[in-house]
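In case you want the letters, here they are:
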Amino acid sequence: MNGHTEIYVSGRAVKVDSPVSYEEIVKIWNQLHEAENKHIIGTPGIDYEDDSKGEEGVLLPGKCVEVKDGTSFSVDPEHVS
């Protein structure tokens with residue numbers, strides 16, 4: 001989490017290098033919620049907004065997305081498959 005691009009994961013700012021992978025976002029989410037004793041097990045739904053092309057979409061397992069400052073990721077730990 002010590003990159004050059006500031007993104008938001010569930011509303012919290014973190015620094016990453018672009019591109020960022022699905023697995024990295026899950027890892028970041030787990031680290032951000034460690035103090036609350038919350039941990040994702042399974043495959044959560046991850047949506048993103050304002051990627052490097054200004055687009056939005058769904059980040060799937062095994063995939064990456066090019067990010068820019070301000071790209072926002074919404075992780076739904078309740079929606080796992």
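This is a predicted model, so every value here is computed, not measured.

Criteria and thresholds
- Residues numbered from 1 in each chain as written.
- Predicted model: local features only at pLDDT ≥ 70, side-chain atom pairs only at ≥ 80, totals over all residues.
- Heavy atoms only, no water.
- Helix = DSSP H or I, 4+ residues; strand = E, 2+ residues; numbered from the N terminus.
- Buried < 20%, exposed > 50% of the residue type's maximum accessible area, 1.4 Å probe, protein only.
- Contact = heavy atoms within 4.5 Å.
- Core = buried A, V, L, I, M, F, W, Y, C linked by side-chain atoms within 4.5 Å.
- Salt bridge = Lys/Arg side-chain N within 4 Å of Asp/Glu carboxyl O.
- Pairing = 2+ DSSP bridges.

Caption draft 1: Representation of the side chain of Ser 21. Summarising the element assignment, Ser 21 is placed in strand S3 (residues 20-21). Take Ser 21: its relative accessible area is 11%, and that puts it in the buried class. Those residues in contact with Ser 21 that lie beyond four places of it in its chain are Leu 59, Lys 63 and Cys 64.

Caption draft 2: Looking closely at the nonpolar core. Core analysis: the largest hydrophobic core is formed by 19 residues, its most contacted members being Ile 7, Val 9, Ile 25, Ile 46, Leu 59 and Phe 73. Elements supplying a minimum of two residues to this core: strand S1 (5-9), strand S2 (12-16), helix H1 (22-32), strand S4 (44-49) and strand S7 (72-80). Of the residues forming this core, the biggest block, six residues, is contributed by H1.

Caption draft 3: Structural view of the pattern of salt bridges. Inspection of every chain in the model, using the stated rule, returns two salt bridges. Between Arg 12 and Glu 36 there is a salt bridge whose closest N-O contact spans 2.9 Å. Separated by 24 residues along the polypeptide, Arg 12 in strand S2 and Glu 36 in the loop between H1 and S4 bring together distant segments of the chain. According to the relative accessible area criterion, Arg 12 is partly exposed, its value standing at 33%.

Caption draft 4: Structural context of the pairing of S1. Burial of S1 is one-sided: the residues Thr 5, Ile 7 and Val 9 facing one way are buried, the residues Glu 6 and Tyr 8 facing the other way are not. Here S1 pairs with S2 via five bridges, running antiparallel. Each bridged residue has a counterpart across the sheet, and for Ile 7 the counterpart in S2 is Val 14. Adjacent in sequence and paired antiparallel, S1 and S2 are bridged by two residues, among which Ser 10 carries a positive phi angle near 50°.

Caption draft 5: Focus on unusual backbone geometry. Of the consecutive residues Ser 18 and Pro 19, the connecting peptide bond is found in the cis state with omega at 0°. Structurally, the position occupied by Pro 19 is in the loop between S2 and S3. Even without being glycine, Ser 10 reaches a positive phi, approximately 50°. Secondary-structure assignment places Ser 10 in the loop between S1 and S2. Of the residues examined, Ser 10 reaches a relative accessible area of 33% and is grouped as partly exposed. Its identity is not glycine, yet Asp 50 carries a phi of approximately 65°, on the positive side. The residue Asp 50 is located in the loop between S4 and strand S5 (57-58) in this model. Judged by its relative accessible area of 32%, Asp 50 falls in the partly exposed class.

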